[in-house]
Amino acid sequence: MSWKRPDNVPYPSVWHTFQAKDTESDQLVTYRVQDLPEDRFEEAIAHMMEYFVYDEPTCRAKNIVSEQQSVDEIADLWREFVKFHLVLVCFKEGSDEIAGMNMLYVSQQSDKEEYQCKGKIWKCIYDLVDYTMKEANVYERYGVDKYLGAMGLSVAPNYRGRGIATEILRARIPLCKGVGLPLTSTCFTAIGSQVAAAKAGYEETYVVSYEDMAKVDDRFVFPNITTKYVKCMSKRVE
């Protein structure tokens, strides 16, 4: 990934604010979605390791936490993502607790280097996502040579049920405008994130059922998975 954040874009910036229920009451309070500060990088990785790898359907179905190499590799990939100063984090005003976050990166058509992973479970999940995005044909379909991608959307349990995932996905649009990206597109593997993306105005670019994915590759069998489809969903930056 050779993309670099423009020097004239202040970092960290706040990209979106919204009102939602407090964690302690039904009172509405303000939340903000902003760039993840450098001094919170490792805390953000810890958040993802505490929640995402247990909650995300394919990780849970394959029990990724049982394979240390896979866990280490996904953490190392996130450590690369945070260096690009694109990862979004949500805070409640007056609190420095991470309410939710989205691991973001830039996918560029000109980048030829292929990411390699060795952990059996992580490679299976990564290959599922890679297959879906290639079938979606995002560059050609939208006529772009780069877009804002993601691999990991998480909301802390104490903050769920407040629409925070939707608001984080909405915040990608001003972020894209700010750093000069024409599109955001992601492979969403969970029904919850798919619903949140639809609420945020993302369209379905490519949809395939997990049942059909199992016919593509026998590794793509995810026991007891409750989400029916894998969806690439995208939103243009107008």
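Rules and cut-offs
- Residues numbered from 1 in each chain as written.
- Predicted model: local features only at pLDDT ≥ 70, side-chain atom pairs only at ≥ 80, totals over all residues.
- Heavy atoms only, no water.
- Helix = DSSP H or I, 4+ residues; strand = E, 2+ residues; numbered from the N terminus.
- Buried < 20%, exposed > 50% of the residue type's maximum accessible area, 1.4 Å probe, protein only.
- Contact = heavy atoms within 4.5 Å.
- Areas by Shrake-Rupley, 256 points an atom, 1.4 Å probe, with all protein chains shown as cover.
- Lys, Arg positive; Asp, Glu negative; His and termini not counted.
- Charge placed at Lys NZ, Arg CZ, Asp CG, Glu CD.
- Disulfide = S-S within 2.5 Å.
- Salt bridge = Lys/Arg side-chain N within 4 Å of Asp/Glu carboxyl O.
- Core = buried A, V, L, I, M, F, W, Y, C linked by side-chain atoms within 4.5 Å.

For the rest of this paragraph, the subject is the overall build of the protein chain. Counting secondary structure elements, the protein chain contains nine helices and eight strands. Each principal axis of the C-alpha atoms in the protein chain carries an extent, and together these give about 50 × 40 × 30 Å. The buried share of the protein chain, taken over its 238 residues, is 56%. If you take every contact in the protein chain between residues at least 6 apart in sequence, the share linking residues at least 24 apart comes to 75%. For the protein chain, the accessible surface area stands at approximately 11200 Å², while carbon and sulfur atoms represent 47% of it. Charged side chains in the protein chain number 29 positive and 36 negative. The centres of these two groups are separated by 4 Å.

On to the state of the cysteines. Formally, a disulfide is one covalent bond, and it connects the sulfur atom of one cysteine to the sulfur atom of another. Going through the model one piece at a time under the given rule, you end up with zero disulfides. Of the cysteine sulfurs around C176, a residue in no disulfide, the closest is that of C232, at 14 Å. Since its relative accessible area comes to 0%, C176 is described here as buried. No disulfide involves C187; its sulfur sits 7.1 Å from that of C232, the nearest cysteine.

The next point concerns the pattern of salt bridges. Scanning the entire structure with this criterion turns up 18 salt bridges. With a closest N to O distance of 2.8 Å, D35 and R5 form a salt bridge. One end of the pair, D35, is in strand β2 (residues 28–35); the other, R5, is in the segment before β1 (14–21), and 30 residues separate them in sequence. Residue class for D35 comes out buried when judged on its relative accessible area of 0%. Accessibility expressed as a relative area gives 8% for R5, which makes it buried.

Core analysis: the biggest nonpolar cluster contains 51 residues, and W78, M103 and W122 have the highest contact counts within it. In terms of nonpolar packing, the next biggest core, distinct from the first, is built from 38 residues, L86, L88, L104 and A156 among them.

Let us look at the environment of G143. Position of G143 among the secondary structure elements: in the loop between α6 (138–142) and β5 (146–155). For G143 and L183, which are 40 residues apart along the polypeptide, the C-alpha to C-alpha distance reads 9.8 Å.

Here the focus is unusual backbone geometry. Cis geometry marks the peptide bond from Y11 to P12, where omega comes out at -5 degrees. Note on placement: P12 falls in the segment before β1. For N63, which is not a glycine, the phi torsion comes out positive at approximately 55 degrees. Relative to the assigned elements, N63 resides in the loop between α3 (57–62) and α4 (68–82). Taking relative accessible area as the criterion, N63 reaches 40% and is therefore assigned partly exposed. Positioned with a positive phi, H85 is a non-glycine residue whose angle comes to about 55 degrees. Its place among the elements puts H85 in the loop between α4 and β3 (88–92).

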